[in-house]
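Chain and residue survey
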Amino acid sequence: MLFRSASTKGATALFATKLGLVLAAVVVMKLTDRSVYGGNPEPAGVSGTARALAVISIFLWTAAIVTGRYMAYA
């Protein structure tokens, strides 16, 4: 029964949304890494861009978690 559930839920738009959110969060994570460290091994400070990317990252990861939890009820 669990396997049938996984195969049907894996083909839903909700699952695709979750994967899209995770992909976007990983891209934002890489952008944040480049914004903070750039070419320097030690960061001089945190810019406004890095702070905005951090807020976006928190939102995306939270949305991905909530979407995954919602999949159990949809």
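Residues numbered from 1 in each chain as written. Predicted model: local features only at pLDDT ≥ 70, side-chain atom pairs only at ≥ 80, totals over all residues. Heavy atoms only, no water.

**Comments concerning the environment of A24**
The test is simple: Only runs of H or I of at least four residues qualify as helices and only runs of E of at least two qualify as strands under DSSP, and these elements are numbered from the N terminus.
Tracing the sequence through the fold places A24 in helix α2 (residues 13-37). For the pair A24 and L60, spaced 36 residues apart in the sequence, the C-alpha separation amounts to 7.3 Å.

**Notes on helix α3 (residues 48-70)**
This is how the line gets drawn: In this scheme, a helix's expected span is set at 1.5 Å multiplied by one less than its residue total. Any residue under 20% of the maximum accessible area for its type is buried, any over 50% is exposed, and the rest in between are partly exposed; the area is computed with a 1.4 Å probe on protein chains only. Pairs of residues are marked as contacts when any of their non-hydrogen atoms sit within 4.5 Å.
A rise of 1.5 Å per residue sets the reference length of α3, with its 23 residues, at 33 Å; its end C-alpha atoms lie 33 Å apart and thus fit the reference within 8%. If you check which residues of α3 are buried, you get A50, L53, S57, L60, A63, A64 and T67. Buried positions along α3 lie against α2.

**With respect to α2**
Across its 25 residues, α2 extends 36 Å between first and last C-alpha, which sits within 8% of the 36 Å expected from 1.5 Å per residue. Taken as a whole, α2 has its buried residues at L21, A25, V28 and T32. Note on α2: the residue one or two positions beyond its end, G38, has a positive phi of about 55°.

**A look at the confidence of the model for the protein**
How we decide: Confidence of the predictor in every single residue is expressed as pLDDT, which spans 0 to 100.
The pLDDT averaged across the protein works out to 84; a share of 85% of its residues lies at or above 70. By mean pLDDT, the top-scoring element of the protein is α3 (93), and the lowest-scoring one is helix α1 (residues 2-9) (64).

**Some points on the nonpolar core**
What counts here: By nonpolar core is meant a set of buried Ala, Val, Leu, Ile, Met, Phe, Trp, Tyr and Cys residues that side-chain atoms within 4.5 Å join together.
Core analysis: the biggest nonpolar cluster contains seven residues, these being L21, A25, V28, L53, L60, A63 and A64. Those residues in contact with A25 that lie beyond four places of it in its chain are L60 and W61.

**Describing the packing of α2 against α3**
Put simply, the test is: Between N-to-C directions, angles cover 0 to 180 degrees, with each direction set by a line fitted to C-alpha atoms, over the stretch in contact for helices. By the definition adopted for this analysis, an angle is roughly parallel if under 35 degrees, roughly antiparallel if over 145, roughly perpendicular if from 65 to 115, and oblique otherwise. What makes a crossing left-handed is the near helix being turned counterclockwise from the far one by less than a right angle; a clockwise turn instead makes it right-handed. Just so you know the grouping, Ala, Val, Leu, Ile, Met, Phe, Trp, Tyr, Cys and Pro go in nonpolar, Asp, Glu, Lys and Arg go in charged, and all remaining residues, Gly too, go in polar.
Between α2 and α3, whose axes approach to 9 Å, the crossing angle comes to 160°. By the angle class used here, α2 and α3 are roughly antiparallel. Regarding α2 and α3, the two cross each other, and that crossing is left-handed. Here the contact of α2 with α3 is composed, by residue class, of 18 nonpolar, six polar and one charged.

**What to know about the side chain of T32**
Topologically, T32 is positioned in helix α2. Overall, the relative accessible area of 18% leaves T32 in the buried class. Setting aside chain neighbours within four positions, we find T32 in contact with A50, L53 and A54.

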